[in-house]
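# Tertiary structure, described
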Amino acid sequence: MATRAEVLAELGLTPVWRLRADAVRGSGDAAERSAGDGADARTSRIARLAWDAFAADVDACTACGLCRTRQKSVPGVGDVRANWLLVGEAPGAEEDARGEPFVGQAGRLLDNMLAALGLARGRNVYIANVLKCRPPNNRTPEPLEVAACRPYLDRQVALIGPRLILALGKSAANTLLGIDATIASLRGRVHRYQGVPLVVTYHPAYLLRNLPDKAKAWDDLLLARRTLA
Ligand code: SF4
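Residues numbered from 1 in each chain as written. Predicted model: local features only at pLDDT ≥ 70, side-chain atom pairs only at ≥ 80, totals over all residues. Heavy atoms only, no water.

Let us now look at the environment of G99. With respect to the helices and strands, the residue G99 is situated in the loop between α5 (93-98) and α6 (104-116). Between the C-alpha atoms of G99 and V77, which are 22 residues apart in sequence, the distance is 9.5 Å. (Helix = DSSP H or I, 4+ residues; strand = E, 2+ residues; numbered from the N terminus.)

A word on the nonpolar core. Nonpolar side chains in soluble globular proteins tend to end up buried together. By size, the foremost hydrophobic cluster in this structure holds 62 residues, and its most contacted members are W84, L86, I165 and L176. With residues near it in sequence (within four places) discarded, W84 still touches L117, L119, N124, V125, Y126, L164, L221, A224, R225 and L228. (Core = buried A, V, L, I, M, F, W, Y, C linked by side-chain atoms within 4.5 Å. Buried < 20%, exposed > 50% of the residue type's maximum accessible area, 1.4 Å probe, protein only. Contact = heavy atoms within 4.5 Å.)

With that settled, the discussion passes to the site of the ligand. Residues in contact with the ligand, as listed here, are R42, C61, C64, L66, C67, R70, K132, C133, A148, C149 and Y152. Classifying every residue of the shell around the ligand gives eight nonpolar, no polar and three charged. (Near = heavy atom within 4 Å. Nonpolar A, V, L, I, M, F, W, Y, C, P; charged D, E, K, R; others polar.)

A separate point is the sheet that holds strand β6 (residues 196-201). Taken in spatial order, the six strands make up an open sheet running β1-β3-β2-β4-β6-β5, and their pairing is mixed. On the outer flanks of this sheet lie β1 (77-78) and β5 (191-193), each paired with one strand and no other. Of the strand pairs in this sheet, β5 and β6 are connected by three bridges, and their pairing is antiparallel. In the sheet register, H191 faces β6, and the bridge partner there is L198. With respect to the sheet, α6 is in contact with β2 (84-88), β3 (125-129) and β4 (164-168), its orientation differing from that of β3 by roughly 150°. (Pairing = 2+ DSSP bridges. Axes fitted to C-alpha atoms, helices over the stretch in contact; angles between N-to-C directions.)

Further remarks concern the packing of helix α4 (residues 51-59) against helix α7 (residues 143-160). Helix-helix packing: each pair is described by the crossing angle between the helix axes and the interaxial distance. Contact pair α4 / α7: the axes reach a minimum separation of 12 Å and the direction vectors enclose 165°. In terms of their interaxial angle, α4 and α7 are classed as roughly antiparallel. Crossing geometry of α4 relative to α7 is assigned as left-handed. Two secondary-structure elements touch here, α4 through W51, F54, D57 and V58 and α7 through Y152, R155, Q156, L159 and I160. Along the lines of polarity and charge, the residues of the contact of α4 with α7 split into six nonpolar, one polar and two charged. (Parallel < 35°, antiparallel > 145°, perpendicular 65-115°, else oblique. Left-handed = near helix turned anticlockwise from the far one by under 90°.)

When you line up the elements, T175 lands in helix α8 (residues 170-177). For T175, a relative accessible area of 18% puts it in the buried group. Residues in contact with T175, not counting those within four places in the same chain, are V130, V146 and R150.

Following this line, the structure appears as structure tokens:
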């Protein structure tokens, strides 16, 4: 097992790898289905979506105004039977351009964090955001946008059946837990979302700006691993 110093070195910014699992893509008639169904019918329909239709359904979604400003929807990526589900707040500019969550420098740091645990995106890990489309200028998501997008995340949780959810950043944690708390008060204990144990840690983009907190993030990952075990 790696020493603490080795692990913290591993969490450096040098890319370790860029393993990319194929996003689960599906085809179908999602565009037609998206229009016109009421909120309850839409929620029920999303709750029955299969993986092969999931990404196309998100891509056709017009349930909130972010559909008008996004370049690409960002449904999620990874192992659809993963034990680990990582959830951030919303796509940023690079994610919006590529249609994949956590790319760029923050994504590389996240990959390094996963590598320190012997994990990789696409290998026992699924990565998603609460919101599947980018808020303009990375503004904070509106409550109505979060509510409109929530059925997709809930469906992902149901389809994947993760044994642990890692909430990346204060915003994702507060949204998932339905509270308004500081990240300091949320770290270090195990919460639950949809019955699944949930551990809170920092968003990789925050860690890029606050390097000393990487050690705390490592403590969070160890708590997550112990919880899953
Ligand atoms: Fe639909 Fe979610 Fe995109 Fe809004 S953010 S348009 S609810 S997929």
